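Below are the chains, spelled out letter by letter.
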Amino acid sequence: MSVLSEILDNHILISAMIAWFIAQTLKLIINFSIHRTFDVAFLFSSGGFPSSHSATVSALAIGVGKYYGWSSPTFAIAAIFGMIVMYDAAGVRRAGGKQAEVINQLVEGLYQQMTHLSQERLKELIGHTPFEVFAGAIVGIIVGVLM
């Protein structure tokens, strides 16, 4: 059996990837419905609603639990890994986005006085609100159960 066919036969991996894709596609659809602009960059962006990080790790944990058992050490690892990722998305990465927003405002103010400064903006949308994380987890759980 070739490596590619083995990868494609890994239902847990496929489930996690589908959950990621659905969450990213939802971002694209939601952005279009709000702003009436079709921006394919949303398929590869971080931050926003729903959290694709949460969707991916939730589908992964559900798949591992279904395949290896809910009391298995492998499920425990996947569940704890998922919790860390979701905590990080709503905590550390969200704080980083808020800091980037403040830095961008400071640079804009300084740029008017010192034109030699770079005006390249830092990415501000890198984290998630708790609601975005929760919504992503729901997407991942649904995908994981259905796969």
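Residues numbered from 1 in each chain as written. Predicted model: local features only at pLDDT ≥ 70, side-chain atom pairs only at ≥ 80, totals over all residues. Heavy atoms only, no water.

Per an unreviewed UniProt entry, the protein chain goes by the name Acid phosphatase/vanadium-dependent haloperoxidase related and belongs to Desulfitobacterium hafniense.

A. Representation of the packing of helix H2 (residues 11–35) against helix H3 (residues 52–68) within the structure. It is at 8 Å that the axes of H2 and H3 come closest, and there the two elements cross at 155 degrees. It follows from the interaxial angle that H2 and H3 lie roughly antiparallel. For the pair H2 and H3, the sense of crossing is right-handed. Packed against H2, whose contacting residues are Ile12, Ser15, Ala16, Ala19, Trp20, Ala23, Gln24 and Lys27, the element H3 presents Ser52, Ala55, Thr56, Ala59, Leu60, Gly63, Val64, Tyr67 and Tyr68 at the interface. (Axes fitted to C-alpha atoms, helices over the stretch in contact; angles between N-to-C directions. Helix = DSSP H or I, 4+ residues; strand = E, 2+ residues; numbered from the N terminus. Parallel < 35°, antiparallel > 145°, perpendicular 65-115°, else oblique. Left-handed = near helix turned anticlockwise from the far one by under 90°. Contact = heavy atoms within 4.5 Å.)

B. Fine view of the packing of aromatic side chains. By the definition in use, this model includes 3 aromatic pairs. On the basis of an interplanar angle of 10 degrees and a centroid distance of 5.4 Å, the ring pair of Phe49 and Phe131 is categorised as stacked. Of the two residues, Phe49 sits in the loop between H2 and H3 while Phe131 sits in helix H6 (residues 130–146), which places them 82 residues apart along the sequence. The exposure class of Phe49 is partly exposed, given its relative accessible area of 32%. Judged by centre distance (5.1 Å) and plane angle (80 degrees), the rings of Trp70 and Phe75 are edge-to-face. Positioned above the aromatic ring of Phe32, the side-chain terminus of Arg36 is 5.8 Å from the ring centre. (Phe/Tyr/Trp six-rings, centres within 6.5 Å; stacked < 30°, edge-to-face > 60°. Buried < 20%, exposed > 50% of the residue type's maximum accessible area, 1.4 Å probe, protein only. Lys NZ or Arg CZ within 6 Å of the ring centre and 35° of its normal.)

C. Just H3, in detail. With 17 residues, H3 extends 24 Å from end C-alpha to end C-alpha; this agrees with the ideal 24 Å at 1.5 Å per step. The complete set of buried residues in H3 reads Ser52, Ser54, Ala55, Val57, Ser58, Ala59, Ala61, Ile62, Gly63, Val64 and Gly65. The inward-facing, buried residues of H3 abut H2, helix H4 (73–90) and H6. Among the residues of H3, the N-terminal cap falls to Ser51, whose side-chain oxygen and the backbone nitrogen of His53 are separated by 3.4 Å. Gly69 lies just past H3 and shows a positive phi near 105 degrees. (Expected span 1.5 Å × (residues − 1). Polar contact = N/O pair within 3.5 Å; in protein donor to acceptor, adjacent residues only side chain to side chain.)

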